[in-house]
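What follows is each chain in one-letter form.
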Amino acid sequence: MEITYIENGKRALFNGRLYHLKQSQGYYFWRGYKCGSSLHRDVYAFYNGDIPKNHDIHHKDGNRANNEITNLECILSSAHLSNHLFSRSKDLRDYTNKVLKEKALPAAIEWHKSEVGRAWHKQHWLNHVDDLFRTKTLTCDHCEKVYVGRDHGTSHYCSKNCVSAARRARGVDNEIRKCVICEKEFTQNKYSRVTVCSRHCGGVLRHRKEKVG
């Protein structure tokens, strides 16, 4: 069944329905944007049956005015969203960057330097300075030492040493290595220079080095 476009493309006829072009989106809708249906979905369903849940109908060539069945495909809604996010044209990205560079950034800099901008920043500082430096008593998650920390922060440890110790204890940075002496696999922190699995193998390694030296 063919699609007939009328009124210079503002309307479309398909399967007995009259669709209206919504200029802001580029899609054709029957009855309305919220309560009706769209032309591209109706065309796909006419030829292929019901559209599965969580799926969208994608225009292969990116042209929303081309609603021929050969230009339509059914894909997951998540994939459809990603497709459109990453398919923004280079011209549009360049235009956006140009507007930011030539208009938005200079206007922002000018405002921040103005009397109004300076007054706003000063008042903003006065409104929040107490919150920034307010403290509370906390307990270190690693050594259980009681310490004083910022009230607005997410501190869990009393010092950087405890941060590192807790990380080592959790084995976050562990990796599997092969002993250079016996070739047995062992677990070691990836930042460590240890290459042997035990004291025995360490002694053998030292002996070999001394013999070579």
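Located above this text is the structure these notes cover.
As the structure is a prediction and not an experimental result, all values here were calculated from the model. (Residues numbered from 1 in each chain as written. Predicted model: local features only at pLDDT ≥ 70, side-chain atom pairs only at ≥ 80, totals over all residues. Heavy atoms only, no water.)

Engineer: Please clarify how the packing of aromatic side chains should be interpreted in this entry.
Structural biologist: Two measures describe an aromatic ring pair: the distance that separates the ring centres and the angle between the ring planes. Counting across every chain of the model gives six aromatic pairs. Ring geometry for tyrosine 27 against phenylalanine 29: centres 6.4 Å apart, planes inclined by 75°, an arrangement best described as edge-to-face. A residue is classified by how much of its surface remains accessible, and tyrosine 27, at 13% relative accessible area, is buried. On the accessibility criterion, phenylalanine 29 (11% relative accessible area) is buried. On the numbers, 6.4 Å between centres and 80° between planes, the contact of tryptophan 125 with phenylalanine 133 is edge-to-face. Exposure remark for phenylalanine 133: the relative accessible area of 49% places this residue in the partly exposed category. Taken together, the aromatic side chains of Phe14, Phe46 and Tyr47 make up a single cluster linked through ring pairs. The positively charged end of arginine 17 is found above the aromatic ring belonging to tryptophan 30, 3.6 Å away from the centroid. (Phe/Tyr/Trp six-rings, centres within 6.5 Å; stacked < 30°, edge-to-face > 60°. Buried < 20%, exposed > 50% of the residue type's maximum accessible area, 1.4 Å probe, protein only. Lys NZ or Arg CZ within 6 Å of the ring centre and 35° of its normal.)

Engineer: Any chance you could explain the nonpolar core here in plain terms?
Structural biologist: A general trend in soluble globular proteins is that nonpolar side chains are found buried together. In this structure, Ile3, Ala12, Phe14, Tyr19, Tyr28, Trp30, Leu39, Val43, Tyr44, Ile51, Ile57 and Leu72 together form the largest nonpolar core, which totals 12 residues. Setting aside chain neighbours within four positions, we find tyrosine 28 in contact with Tyr5, Gly9, Lys10, Arg11, Ala12, Tyr19, His20, Leu21, Ser37, Ser38, Leu39 and Asn67. Judged by nonpolar contacts, the second largest core, of six residues, contains Cys179, Phe186, Cys201 and Leu205. (Core = buried A, V, L, I, M, F, W, Y, C linked by side-chain atoms within 4.5 Å. Contact = heavy atoms within 4.5 Å.)

Without other data, these values stay purely geometric and don't point to any function.
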